[in-house]
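So the chains spell out like this:
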Amino acid sequence: MSDLRAKYNALIDQITHYDHQYYVLNESSVPDAEYDRLMQELKGIEAEHPDWVTPQSPSQRVAGAPQAGFTTVEHRIPMLSLDNAFSAEDLAAFVKRLKDRLNSTADIEFACEPKLDGIAVSLLYENGALVRGATRGDGTTGEDITANVRTIKSIPLQLRGAGWPEELEVRGEIYMPKAGFEKMNAKAMAKGEKVFVNPRNAASGSLRQLDSRLTAQRPLEMCCYSVGHFSGGDLPSNQGELMAQFGEWGLKINAESQVVIGLQGVQQFYEQLEARRDNLPYEIDGIVYKVNDFALQNRLGFVSRAPRWAIARKFPAQEEITRLLDVEFQVGRTGALTPVARLEPVFVGGVTVSNATLHNMDEVERLDVHIGDKVIVRRAGDVIPQVVKALSDDRLPGAKKVTAPAECPECGSLVERVEGEAVTRCTGGIICSAQRREALKHFVSRKAMDIDGFGEKIVDALLETNKIHAASDIYELTADTVESLERMGKKSAENLINAIQKSKQTTLPRFLFALGIREVGETTARNLATHFGSIEKIIAATEAQLLEVEDVGPKVAAHVVNFFAEEQNVMEVQRIIALGVHWDDVVASTETALLSGQTWVVTGKISQMSRDEAKDYLLRLGAKVAGSVSAKTNQVVAGPGAGSKLKKAEELGIPVMDEADFIRWLTEQGLWVSGN
Ligand code: IVH
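A quick note: this is a predicted structure, and the numbers were derived from the prediction, not measured.

Side note on the overall build of the chain
Within the chain, the regular secondary structure consists of 24 helices and 26 strands. Structurally, the chain occupies a C-alpha span of about 85 × 65 × 55 Å along its principal axes. Across the 676 residues in the chain, those meeting the buried criterion constitute 46%. Here the analysis covers contacts within the chain between residues at least 6 apart in sequence; of these, 67% occur between residues at least 24 apart. With an accessible surface of roughly 33600 Å², the chain has 49% of that area assigned to carbon and sulfur atoms. A distance of 3 Å separates the average location of the 76 positive side-chain charges in the chain from that of its 94 negative side-chain charges.

Description of the side chain of Lys 504
Counting through the fold element by element, Lys 504 comes out in the loop between α15 (490–503) and β21 (505–506). Despite its burial, Lys 504 pairs with no opposite charge, the nearest such side chain being Glu 476 at 9.4 Å. Leaving out residues up to four positions away in the same chain, Lys 504 has contacts with Tyr 475, Leu 579, Gly 580, Val 581 and His 582.

Quick word on the sheet that holds strand β25 (residues 635–638)
Where strands meet in a sheet, backbone hydrogen bonds hold them as pairs that are either parallel or antiparallel. Here we have 4 strands laid out as an open sheet, ordered β24-β23-β25-β26, and parallel in their pairing. In the strand order of this sheet, the two ends are held by β24 (624–626) and β26 (656–657), each with one partner. Pairing geometry for strand β23 (residues 599–603) and β24, over 3 bridges, is parallel. Paired with Val 601 across the bridge in β24 is Ala 626.

Notes on unusual backbone geometry
The phi torsion at Asn 26 lies on the positive side, around 55 degrees, for a residue other than glycine. Looking at the secondary structure, you find Asn 26 in the loop between α1 (3–24) and α2 (32–48). The exposure class assigned to Asn 26 is partly exposed, which follows from its relative accessible area of 30%. In this model, Asp 368 sits at a positive phi of 50 degrees, which is unusual for a non-glycine residue.

Things to note about the site of the ligand
In the region of the ligand, 14 residues are neighbours, and Glu 113, Ala 120, Glu 173, Tyr 225 and Lys 290 sit closest. In this structure, a nitrogen atom belonging to the ligand sits 2.8 Å away from a side-chain N or O atom of Glu 113. Separating a nitrogen atom of the ligand from a side-chain N or O atom of Lys 290 is a distance of 3.0 Å. Here the ligand loses 87% of its free accessible area of 510 Å² to cover by the protein chains. Secondary structure elements with two or more residues in the shell around the ligand: β3 (109–116) and β10 (284–291).

Thoughts on the nonpolar core
Grouped together as the largest cluster of nonpolar side chains are 52 residues, with contacts concentrated most on Phe 454, Ile 474 and Leu 528. Breaking this core down by element, the ones donating at least two residues are α12 (433–444), α13 (456–464), α15, α16 (508–514), α17 (522–532), α18 (535–540), α20 (554–565) and α21 (567–578). Those residues in contact with Phe 454 that sit more than four places away from it in its chain are Val 444, Val 459, Leu 462, Ile 474, Leu 496 and Ile 500.

Regarding the packing of aromatic side chains
Inspection of the entire model under this criterion finds 11 aromatic pairs. A centroid spacing of 6.3 Å and a plane angle of 75 degrees characterise the contact between Phe 302 and Trp 309, whose relative ring orientation is edge-to-face. With relative accessibility at 46%, the residue Phe 302 sits in the partly exposed group. Assessed through its relative accessible area of 15%, Trp 309 is described here as buried. With a centroid separation of 6.4 Å and an interplanar angle of 75 degrees, the aromatic rings of Phe 443 and Tyr 475 are classed as edge-to-face. Residue Phe 443 is found in helix α12, and its partner Tyr 475 is found in the loop between α13 and α14 (479–483); the two are separated by 32 residues along the sequence.

What about the sheet that holds β3?
The sheet built from 5 strands is open, its strands ordered β2-β13-β10-β3-β9 with mixed pairing. Among the strands making up the open sheet, the edge pair consists of β2 (84–85) and β9 (258–261). Where β2 and strand β13 (residues 310–314) come together, 2 bridges link them in parallel fashion. When the sheet's bridge partners are listed, Asn 84 is paired in β13 with Ala 312. Each of β2, β3, β10 and β13 is contacted by helix α3 (residues 88–102), which is oriented at about 170 degrees to β13, the strand it contacts most.

Quick word on empty space enclosed by the protein
Regions of empty space are outlined by a rolling probe, equal in size to a water molecule, passed over the atoms. Counted according to the given criterion, the structure contains 2 cavities of 30 Å³ or more. Size it by volume and the largest cavity reaches roughly 100 Å³. Residue lining of the largest cavity: Lys 447, Pro 509, Arg 510, Phe 513, Glu 522, Arg 526, Asp 612, Lys 615 and Asp 616, and that is the complete set. Broken down by secondary-structure element, the contributors of at least two residues to the lining of the largest cavity are α16, α17 and α22 (611–620). Of the residues in the lining of the largest cavity, the class split is 2 nonpolar, no polar and 7 charged. Put simply, the second largest cavity is a space of about 60 Å³. For the second largest cavity, the full set of lining residues is Glu 113, Pro 114, Leu 116, Glu 173, Cys 223, Cys 224, Tyr 225, Met 243, Asn 254 and Ser 257. For the lining of the second largest cavity, the elements supplying multiple residues, two or more each, are β3 and β8 (221–231). For the lining of the second largest cavity, the per-class residue count stands at 6 nonpolar, 2 polar and 2 charged.

Observations regarding a positive patch on the surface
On the surface, Lys 183, Lys 187, Lys 191 and Lys 648 cluster together into a positively charged patch. Along the chain, Lys 648 turns up in helix α23 (residues 644–652).

What counts, and where the lines are drawn
Residues numbered from 1 in each chain as written. Predicted model: local features only at pLDDT ≥ 70, side-chain atom pairs only at ≥ 80, totals over all residues. Heavy atoms only, no water. Helix = DSSP H or I, 4+ residues; strand = E, 2+ residues; numbered from the N terminus. Buried < 20%, exposed > 50% of the residue type's maximum accessible area, 1.4 Å probe, protein only. Contact = heavy atoms within 4.5 Å. Areas by Shrake-Rupley, 256 points an atom, 1.4 Å probe, with all protein chains shown as cover. Lys, Arg positive; Asp, Glu negative; His and termini not counted. Charge placed at Lys NZ, Arg CZ, Asp CG, Glu CD. Salt bridge = Lys/Arg side-chain N within 4 Å of Asp/Glu carboxyl O. Pairing = 2+ DSSP bridges. Near = heavy atom within 4 Å. Polar contact = N/O pair within 3.5 Å; in protein donor to acceptor, adjacent residues only side chain to side chain. Core = buried A, V, L, I, M, F, W, Y, C linked by side-chain atoms within 4.5 Å. Phe/Tyr/Trp six-rings, centres within 6.5 Å; stacked < 30°, edge-to-face > 60°. Axes fitted to C-alpha atoms, helices over the stretch in contact; angles between N-to-C directions. 1 Å grid on protein atoms, 1.4 Å probe; cavity = no way out; pocket = protein on both sides within 12 Å on 5 of 7 lines; lining within 4 Å. Points joined across faces, edges and corners; volume = space filled by probe spheres on them. Nonpolar A, V, L, I, M, F, W, Y, C, P; charged D, E, K, R; others polar. Patch = residues over 30% accessible without salt bridge, like charges linked within 9 Å, V, L, I, M, F, W, Y side chains within 5 Å.

Geometric descriptors of this kind do not, in isolation, establish any biological role.
Right, dumping it as structure tokens:
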């Protein structure tokens, strides 16, 4: 073999190896630049020697031209569906049925797998080479999507290792991870393109593209979970070993899969995975339980379209259909009007939902919702419920289109919608009672002045009885005044006054954030505080000076200048300070601080302090505290329950300390005294 040919083969091996590491094993492999260089080199050789190129070359994932349509594929063995179990009782009944049928009292081994919410797909490998990909279709015939599946990097074009049957049909699920879905939708939204309702629809839509160059741009993955037809070789004798074998052949398998024993094992797996459902990087709609032993599977056989030896234990649905009764507009702290859907109550994502957000008028227009429409409501994880689709086919004749009001529903001031912005806003400012109320709720909230026990109800009650008008009034409240509110006991009144007193000792970032200046969130508040070091300097800052602050653009700078240009706002700040709100000096120059230039991430639960306190400590030492882990992260502090961020840190080899390490380290810095 010529040197060049050997070099070519080595390049293919190397790139395939890196793809496997990154896309199948989720391990970090080489820097992008190195990967790109290898790929360029490979393509260079292929340009000189086109006769060397095989379909298994990693350069051959994306086809050149779009297809005219999909041809159909007949499945040699039908792709079946699964029976469902909706409760612990259903699951117990399933296990009992199996035992009865097998005429045995012995505990059965089960393979437990997350039920990925995607599209079932069949891959055909001949002598280890991928030759065809097909959708499940109706179970008997599907569509040939070979060109599209080839673009998915977690699908090997050539199986690794050895010992695969000559013909091997691998089945599994193609899905879009949550992060990729969010990113893709955000991009589409910004460009005014089609937005997908959920990751499953996005995966399905991406796979049904006639132009595989489009599919290649979609963040799809495939996990494999069974074999259809095979010949010319043997396979393991149970599901657990089959999955291990898949792994050795370079096929992606789900990392959560586990073999357990008996009903107890099955139920335990359910509880553990259900608790982690929202933290998984992909959507699952339940768990698939399979009798592990293939010989037992054969004895059990099938009923109509589903195997007797498997069941899907479903999680609560995250999407349901209900009726839109009305749309009301809520006025936020900055005057933004948020359209809120009033719904016929519906059980979704584990709770009964009767309100859902419609975000803003752009979203209302995009969804084209009319009052009385049937709508799809989605509640995934702890995200607030959303209306994601209006079912316009069922629309009642004469149904009224949702439009923004011309006047603020709370104060009657005119409503404006700035050209190019999605948000509709009340122009009333502080004369708008809704804006005042929301501003006060924000001021006392946990991440702002953090006044313990000062909830929404108390804000409302104090405003309604005219006991307070502005934030500064909070610091003149007495226990007697508070006690005079309805349903307020002496003890609670005292507690509230104590909490107000305690909140006077704060930090400049918190105070700035509490003021509720538009687009000044926690991070911007911190950046402003560290840059200027004092509230006086921030009040006096010009737009040009503000633009020098990290992450501050013209918009934020203008909001800050406008805020302090209002004499009332400056007087309010001075009054709050005069009433005793104070903070320690901010480390103005981060260059001299211990952690200056470093980026830290705090994740999981910290039991001896709140996560915000932990962040405050780090900020005082000059660190930047980021919300996500990247190659730029210097250190991660991970308490119990840390999930994807910890995993990412481990993958990237970033140092991680647990809570005990962190407290020890703070103690060494003289920042923490035990018993704090
Ligand atoms: S096994 C005969 N395993 O669920 C066994 N299916 O309702 C059939 N699915 O069409 C499938 N994750 O799309 C199996 N780990 C898993 C699965 C899984 C998701 C889907 C698949 C199938 C549907 C059956």
